[in-house]
Number of protein chains: 2
Amino acid sequence: MQLAKGVEWTTHICAMLPLVPEGQGLSVDALADYFEVPSAYLAKQMQLLRRAGIVRSVRGKGGGYRLARSPDDITLLDIVTAIEGPMPAFRCTEIRQNGPCGLKRKDCKRPCEIASAFAVAEQTYREALQAKTLASVMQDAAMNSSPEHMVEIAGWVQRQVA
Amino acid sequence: MQLAKGVEWTTHICAMLPLVPEGQGLSVDALADYFEVPSAYLAKQMQLLRRAGIVRSVRGKGGGYRLARSPDDITLLDIVTAIEGPMPAFRCTEIRQNGPCGLKRKDCKRPCEIASAFAVAEQTYREALQAKTLASVMQDAAMNSSPEHMVEIAGWVQRQVA
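In this numbering scheme, every chain counts its residues from 1 along its sequence in written order. Labels are handed out in written order, letters beginning with A for the chains and numbers beginning with 1 for the ligands. Residues qualify for local features only when their pLDDT is at least 70, as the model is predicted, and side-chain atom pairs are given and counted only at 80 or more; totals for whole chains, interfaces and linings, by contrast, use all residues. Note: side-chain values were computed over all heavy atoms of the structure, leaving out hydrogens and water.

(A) Representation of the pattern of salt bridges within the structure. Residue and element names in this part refer to chain A. Between Lys or Arg on one side and Asp or Glu on the other, a salt bridge is scored when a side-chain nitrogen of the former is within 4 Å of a carboxyl oxygen of the latter. One pass over the structure, following the stated rule, counts 14 salt bridges over all chains. Between Glu22 and Arg66 there is a salt bridge, with its nearest N and O atoms 3.9 Å apart. Residue Glu22 is located in the loop between helix H1 (5-16) and helix H2 (28-35), and its partner Arg66 is located in strand S2 (residues 64-67); the two are separated by 44 residues in the primary sequence. Accessible area is worked out with a 1.4 Å probe on protein chains only. A residue is then buried under 20% of its type maximum, exposed over 50%, and partly exposed in between. The exposure class assigned to Arg66 is buried, which follows from its relative accessible area of 10%. The salt bridge involving Asp78 is made with Arg69; its shortest N-O contact spans 3.1 Å. Each of Arg69, Asp73 and Asp78 takes part in salt bridges that share partners, so that together they form one network. Strands here mean DSSP runs of E at least two residues long; helices mean DSSP runs of H or I at least four residues long; both are numbered from the N terminus.

(B) The arrangement of the packing of helix H5 (residues 113-130) of chain A against helix H5 (residues 113-130) of chain B in detail. Between N-to-C directions, angles span 0 to 180 degrees; the directions come from axes that are lines fitted to C-alpha atoms, helices contributing only their stretch in contact. The geometry of H5(A) relative to H5(B) is characterised by a closest axis approach of 8 Å and an angle of 160° between their N-to-C directions. Comparing the axis directions of H5(A) and H5(B) gives the class roughly antiparallel. In terms of crossing hand, the pair formed by H5(A) and H5(B) is right-handed. From H5(A), A:Phe118, A:Ala121, A:Glu122, A:Thr124, A:Tyr125, A:Ala128 and A:Leu129 reach across to H5(B), where they touch B:Phe118, B:Ala121, B:Glu122, B:Thr124, B:Tyr125, B:Ala128 and B:Leu129. Amino acids are sorted into nonpolar (Ala, Val, Leu, Ile, Met, Phe, Trp, Tyr, Cys and Pro), charged (Asp, Glu, Lys and Arg) and polar (every other residue, Gly among them). Each residue belonging to the contact of H5(A) with H5(B) can be placed in one class, and the counts come to ten nonpolar, two polar and two charged. Should an angle lie under 35 degrees it is considered roughly parallel, over 145 roughly antiparallel, and from 65 to 115 roughly perpendicular; all remaining angles are considered oblique. Definitions for this section: a left-handed crossing has its near helix turned counterclockwise from the far helix by less than a right angle. A right-handed crossing has that turn clockwise. Here, residues are in contact when the closest pair of their heavy atoms is within 4.5 Å.

(C) Geometry of helix H4 (residues 76-84) of chain A. Of all the positions in H4(A), only A:Leu76, A:Leu77, A:Ile79, A:Val80, A:Ala82 and A:Ile83 are classed as buried. Tucked into the core, H4(A) has its buried residues touching H1, helix H3 (39-51), H5 and helix H6 (134-143) of chain A together with H5 of chain B. Looking one or two residues beyond H4(A), the residue adopting positive phi is A:Gly85, at roughly 85°.

(D) Structural detail: the packing of helix H1 (residues 5-16) of chain B against helix H3 (residues 39-51) of chain B. Residue and element names in this part refer to chain B. Where H1 meets H3, the closest approach of the two axes is 10 Å, and the angle between their N-to-C directions is 70°. Taken together, the axes of H1 and H3 are roughly perpendicular relative to one another. Crossing of H1 against H3: the hand is right-handed. Together, Lys5, Gly6, Trp9, Thr10, Ile13 and Cys14 of H1 and Tyr41, Leu42, Gln45, Met46 and Leu49 of H3 make up the contact between the two elements.

(E) Examining the interface of chain B and chain A more closely. Taken together, the 51 residues of chain B in the interface contact 51 residues of chain A. By buried area we mean the combined loss of accessible area, with a 1.4 Å probe, across both parts when two parts are placed together. Together, the buried faces of chain B and chain A total about 4900 Å²; carbon and sulfur atoms form 67% of this surface. Contact with chain A buries area across many residues of chain B, yet B:Met1, B:Ile95 and B:Cys101 alone supply 17% of it, more than any other trio. Counting every contact that joins chain B to chain A gives zero salt bridges. Within the residue set of the side of chain B that touches chain A, elements represented by two or more residues are H1, helix H2 (28-35), helix H4 (76-84), H5, helix H6 (134-143) and helix H7 (147-161) of chain B.

(F) Expanded view of the relation of the copies chain B and chain A. Only residues with pLDDT of at least 70 in both copies count here: their C-alpha atoms drive the least-squares fit that superposes the copies. The transformation that overlays chain B on chain A combines an axial shift of 0.0 Å with a rotation of 180°, and the residual RMSD is 0.0 Å. These values place the two chain copies in the arrangement generated by a two-fold rotation axis. When C-alpha distances to the rotation axis are compared across chain B, the minimum falls at B:Tyr125, with a value of 2.6 Å. Interface overlap between copies: 100% of the residues of chain B at the interface are likewise at the interface in chain A, consistent with a symmetric, same-surface contact.

(G) Region of interest: the nonpolar core. For our purposes a nonpolar core is just a set of buried Ala, Val, Leu, Ile, Met, Phe, Trp, Tyr and Cys residues, chained together by side-chain atoms within 4.5 Å. Among the nonpolar cores identified, the biggest contains 99 residues, and A:Phe118 and B:Phe118 are the most heavily contacted of them. Setting aside anything within four residues of it in sequence, one finds A:Phe118 in contact with A:Phe90, B:Leu3, B:Val7, B:Thr11, B:Leu76, B:Val80, B:Tyr125 and B:Leu129.

(H) Local environment of the pairing of strand S1 (residues 55-58) of chain B. Residues and elements named next belong to chain B. A pair of strands is treated as paired once DSSP finds two or more bridges between them. Note: S1 against strand S2 (residues 64-67), four bridges, orientation antiparallel. Bridge pairing links Val55 to Leu67 in S2. Hairpin connection of S1 to S2: five residues between the antiparallel strands, including Gly60 at a positive phi of 85°.

Put into structure tokens, the structure is as follows:
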């Protein structure tokens, strides 16, 4: 079980986008350069974020992607769901209905006990990701960062949108 | 993000193996027939369970796989780890060290805040799976099952090992 690389990339990107000045955005190429990731694949991931209403695109000079809402209002679960889709990791194929002792469909109205146990575990995972906002991730990162590094990032952003 | 089908299959199998009489086992072919799943792929999954010490194989007539320890002592996490391996779903590739504003390696001794947040969420997932034993899954299943169905399964098992 592995999350798509796009989850790591776009989470880092979302944690950096709040540094983009009002009314401006960063191009996919600039974002791909910033993290040294492939531009074509990143373009698809950013489109998934846009469809989910996490980022929006700004047109014209200095245009590109910026956050569509406050980092307080974006959680890690929002990003994972945008990239991975809403399907559970455990996908019950109702094999209890298969084979020589298979249950009849009409006797399977309750979810299978095994599927239920996995669903409970996944729910705790989703709740933990939902409890973590982008604002909180940024706060953690700022506390562990140096002022010089923050200035360096802000300078790079400025050069992209100039 | 999706768990391998083998997790569903082998969890169902492990919940059925306690019905196998002492000293006997079920062949991969019998297990594959029971759940109508492909035998060759299942054989690999059962080997993973064996390497993890969840099942063991019994030789000779009526031989095959049986549980290697009590269903009280096998958790859903044991099965998932046997099939999927121990790697986390979120795999940090340290992209904070990439690109024009990349951090120096020496400044990255603490884990990245983003990787840490995902690790916390995954830990809650693993703990929920660890709290669920096979014995408990079987108890849930027995409560939702009919006596007739239990007799049917036991009869099928008896015919395989006879």
